[in-house]
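Geometric and topological summary
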Amino acid sequence: MRVPIIRLGRILLISIQTDLTDNDALCLQSDLIKKISDTEAQGVAIDITALDVVDSYMARIINDTVCMAQLLGADVVISGVQPFVALSMVEMGSDLIRAECVFNLEQAMKRLEIRMSTRGDICLKRDNYVQ
Amino acid sequence: MSSDLIRVPINGISDIICARLTVRREAARIGFSTADQTRVATAVSEVARNVINYATEGVCTLRDDSNSDELHLQVTIEDHGPGIDNVVEAMRDGYSTGGGLGAGLPGTCRLVSLFNIESRQGLTRVTFSLIRKRA
Ligand SMILES: Nc1ncnc2c1ncn2[C@@H]1O[C@H](COP(=O)(O)OP(=O)(O)OP(=O)(O)O)[C@@H](O)[C@H]1O
Ligand SMILES: [Mg+2]
């Protein structure tokens, strides 16, 4: 199952709707970094409400994806970490998600907009702007 | 109240999701809290992933061992792969022969009430239980 990546101006939005297999997650990772680079997106919001288990492998994929996005120049905000997922992750001591986390996608978008407004980047790919 | 065993084959990556859905459903049926359902589903996910990574295939067995005092779900995950060279080392945080973080087994151990691992060439068996006093 391919997870769609939606573009809203300079922000890419990903809402994971079902449990992801390892392959789905790796696929999403490569789709995302390609899309960030193609669009010079400055922000990425990832909603993981639908993930009701995040084992150490999935946590690592999320962390790696965040690092890759940051290397390219995009900020990442994660939303919707389930309470019992947070509990299991901390108890397991699995490497915690290194991105900023918020409750929902709306807050994620707000947070990204605030961050982007203070970056002062010059946009070379003008056509990507949606006013 | 020991009931029938539930067996879930672990032959491929998609079986990891199947196994953790099955264990979550069974934990809910027995009466474990949502937090405990998530703990045991996460534990199954970790150990089942090792089966796929290091032994290619195995089987996950669930047993309801509850009695009038406590809720008790026992999970056994076994494979007939190469075995673990050094079980004590494998339980140590940071030990990995697979290029992982080596966090899987020690992390799983922290999520459950009882944890046991036996391994030799041709058989690795990880058994763990979630046990809670009845309210
Ligand atoms: N079923 C198995 N068969 C053979 N060896 C195993 C098995 N399970 C674990 N091991 C060995 O034990 C080591 C530790 O396992 P553990 O799950 O703790 O870490 P990992 O799988 O290497 O990394 P992580 O789980 O953090 O991604 C593995 O690297 C592997 O050498
Ligand atoms: Mg592992």
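Okay, so let's go over this structure. (Residues numbered from 1 in each chain as written. Chains lettered and ligands numbered in written order. Predicted model: local features only at pLDDT ≥ 70, side-chain atom pairs only at ≥ 80, totals over all residues. Heavy atoms only, no water.)

1. A few points about the pattern of salt bridges
Taken as a whole and judged by the stated rule, the model has 22 salt bridges over all chains. We note a salt bridge from Arg49 of chain B to Asp55 of chain A, for which the minimum N-O separation is 2.7 Å. Here Arg49 of chain B is found in helix α2 (residues 34-55), whereas its partner Asp55 of chain A is found in the loop between β3 (43-47) and α2 (56-72) on a different chain. Comparing Arg49 of chain B with Asp55 of chain A, the two get one shared label, buried. With its nearest N and O atoms 2.7 Å apart, the salt bridge here joins Arg39 of chain B to Asp36 of chain B. Taken together, the residues Arg39 of chain B and Asp36 of chain B, both in helix α2 and three residues apart, mark about one turn of the helix. Each of the salt bridges in this network shares a partner with another, and the network as a whole consists of Asp75, Glu100, Arg111, Arg115 and Arg119 of chain A. (Salt bridge = Lys/Arg side-chain N within 4 Å of Asp/Glu carboxyl O. Helix = DSSP H or I, 4+ residues; strand = E, 2+ residues; numbered from the N terminus. Buried < 20%, exposed > 50% of the residue type's maximum accessible area, 1.4 Å probe, protein only.)

2. Considering the site of ligand 1
Looking at ligand 1, there are 19 residues lining it, with Arg60 of chain A together with Asn50, Ser96, Thr97 and Ala103 of chain B nearest. Proximal residues around ligand 1 fall on chains A and B, making this an inter-chain site. In the environment of ligand 1, an oxygen atom lies 2.8 Å from a nitrogen or oxygen atom belonging to the side chain of Asn50 of chain B. Within the contact set of ligand 1, an oxygen atom lies 2.8 Å away from a backbone nitrogen or oxygen of Ala103 of chain B. Relative to its unbound accessible surface of 590 Å², ligand 1 loses 94% to contact with the protein. More than half of the atoms of ligand 1 fall within 2 Å of the grid points belonging to the largest pocket. Counting only elements with at least two residues in the shell around ligand 1, the list comes to α2 and α4 (104-111) of chain B. The element that contributes the greatest number of residues to the shell around ligand 1 is α4 of chain B, accounting for three residues. In terms of residue class, the shell around ligand 1 is made up of eight nonpolar, nine polar and two charged. (Near = heavy atom within 4 Å. Polar contact = N/O pair within 3.5 Å; in protein donor to acceptor, adjacent residues only side chain to side chain. Areas by Shrake-Rupley, 256 points an atom, 1.4 Å probe, with all protein chains shown as cover. 1 Å grid on protein atoms, 1.4 Å probe; cavity = no way out; pocket = protein on both sides within 12 Å on 5 of 7 lines; lining within 4 Å. Sits in = over half its atoms within 2 Å of the grid points. Nonpolar A, V, L, I, M, F, W, Y, C, P; charged D, E, K, R; others polar.)

3. Here we look at the side chain of Asp64 of chain B
Residues and elements named next belong to chain B. By the secondary structure assignment, Asp64 is in strand β2 (residues 58-64). For Asp64, a relative accessible area of 5% gives the class buried. Within polar-contact distance, the side chain of Asp64 engages the side chain of Arg29 at 3.2 Å. Within the structure, the side chain of Asp64 is placed 2.6 Å from the side chain of Ser66, a separation counted as a polar contact.

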